[in-house]
Amino acid sequence: MSHHPASNFDHLSEGELTAKLEPELLPKHVAVIMDGNGRWAELRGLPRIAGHREGINSVREMITLCLELGIRALTIYAFSQENWNRPTQEISALMELLEHYLSTERASLIEQNVCFRAIGRHELLPPSAQHWVRTTEKETAHLDKLSLTVALSYGGRAEIVDAVKTMMEDVQTGTLQQGLIDETTIRQYLYTHPLPDPDLLIRTSGETRISNFLLWQLAYTELCFTPTLWPDFRRREFLLALIEYQRRERRFGRVPSTVPS
Ligand code: FPP
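Before going into details, it helps to say that this report is about the structure given with it. The shown structure was predicted, so the numbers you read here are calculated from the model rather than taken from an experiment.

Reading guide: rules and limits
- Chains are numbered independently. Their residues run from 1 in the order of the written sequence.
- Where totals are concerned, whole chains, interfaces and linings use all residues; where local detail is concerned, this predicted model gives features only for residues with pLDDT of at least 70, and gives and counts side-chain atom pairs only at 80 or more.
- Values shown for side chains rest on all heavy atoms present in the structure; no hydrogens or waters enter the calculation.
- In this analysis, strands are considered paired if DSSP registers two or more bridges between them.
- Segments assigned H or I by DSSP are reported as helices when at least four residues long, segments assigned E as strands when at least two residues long, and all are numbered from the N terminus.
- The axes are straight lines fitted to the C-alpha atoms, using for helices just the contacting stretch, and the angles between their N-to-C directions are given from 0 to 180°.
- Here a residue-residue contact requires only that any non-hydrogen atoms of the pair lie within 4.5 Å.
- Counted as salt bridges are all cases of a side-chain nitrogen of Lys or Arg within 4 Å of a carboxyl oxygen of Asp or Glu.
- Classification of residues uses two cut-offs on accessible area relative to the type maximum, computed with a 1.4 Å probe and protein chains only: under 20% is buried, over 50% is exposed, and between them is partly exposed.
- Put simply, angles under 35 degrees are roughly parallel, angles over 145 are roughly antiparallel, angles from 65 to 115 are roughly perpendicular, and the rest are oblique.
- Working rule for handedness: look at the near helix, and if it is turned counterclockwise from the far one by less than a right angle, call the crossing left-handed; if clockwise, right-handed.
- When residues are sorted by character, Ala, Val, Leu, Ile, Met, Phe, Trp, Tyr, Cys and Pro go into the nonpolar class, Asp, Glu, Lys and Arg into the charged class, and all the rest, Gly among them, into the polar class.

With parallel pairing, six strands are arranged side by side in an open sheet as β3-β4-β2-β1-β5-β6. Bordering the open sheet on either side are β3 (114-119) and β6 (222-225), each of which pairs with just one other strand. Each neighbouring strand pair of the sheet contributes to a mean axis angle of 20 degrees, computed without reference to strand direction. Here strand β1 (residues 29-33) pairs with strand β5 (residues 200-203) via four bridges, running parallel. Paired with A31 across the two strands is L201, which belongs to β5. Together, β3 and β4 (146-154) form the strand contacts of helix α5 (residues 127-140), whose direction differs from that of β3 by roughly 145 degrees.

Shown next as structure tokens:
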């Protein structure tokens, strides 16, 4: 499942690639594990943070393309629970980058009608980062062209733990009846509620793991792995991933159907 159709389409222009997309078969929700920033920088003899900085340009291009194509939800993994184990210097540089991005790009998100939300245990982030997260969430809460969800200090298992805890509290206070708990209930307690599950997950830089991202939500998601490093993942790469997605048969465990190839 980790192939990429790039080789078949090398000769096609961006316009020709876009023309290959079938609007009704586009994913509604795309999730991304943005990996390979460090390697991108190291290959150029630059500090790792230069890779993260360049990676923001890829985020920007993805947002633009989602808006152009009418993809309504984009969820990106910006900082995992495990990332707290990185050198302090890299962590603070990443936090600064996040703050800089939110403080300078807020206006453009608003102008583009993008609703920003952070998921994860962001109470662990530095206070100034929390401030910008809350401000951006508040100022974009009413916008609805694209839901941009940024996973920050996020872990998929931690998300399930948090859901279970809140559910138990609600059972104790009588807001939730234990006997009525089903998959729909659990979905409602996840950070991502009310977003639909991702239809497509993209992971860059050749790693082929889920790495504790959206564990519950990825149950039926198409996985697309590409060797491209995140700072090099631009419009063309995204279009190729979308074409690959459309070529897959989405069966959800049923018999093969008439999904176009
Ligand atoms: C993985 O590359 C990437 C990250 C840990 C951070 C991703 C963050 C950004 C692109 C910028 C912040 C985002 C926003 C929305 C402001 P890596 O460092 O693991 O690369 P490597 O595997 O090559 O070491």
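Let us now look at the pattern of salt bridges. Here the structure, examined in full by the defined rule, presents 17 salt bridges. Where E207 meets R39, a salt bridge forms, and the shortest distance between an N and an O atom there is 3.5 Å. With a gap of 168 residues between them, E207 in the loop between β5 and β6 and R39 in helix α2 (residues 37-43) connect regions that are remote in the sequence. Classification of R39 by relative accessible area gives partly exposed; the value is 33%. With its nearest N and O atoms 3.1 Å apart, the salt bridge here joins R48 to E42. Looking at E42, the relative accessible area reads 47%, which means it is partly exposed.

Turning next to the packing of helix α3 (residues 48-69) against helix α8 (residues 235-247). The geometry of a pair of packed helices is captured by two quantities: the angle between their axes and the separation between those axes. Close contact between α3 and α8 brings their axes to 9 Å; oriented N to C, the two are set at 50 degrees. Put simply, α3 runs oblique to α8. Crossing hand, α3 versus α8: right-handed. Contacts between α3 and α8 involve E61, M62, T64, L65, C66, E68 and L69 from the former and R235, F238, L239 and L242 from the latter. The residue inventory of the contact of α3 with α8, partitioned by class, reads seven nonpolar, one polar and three charged.

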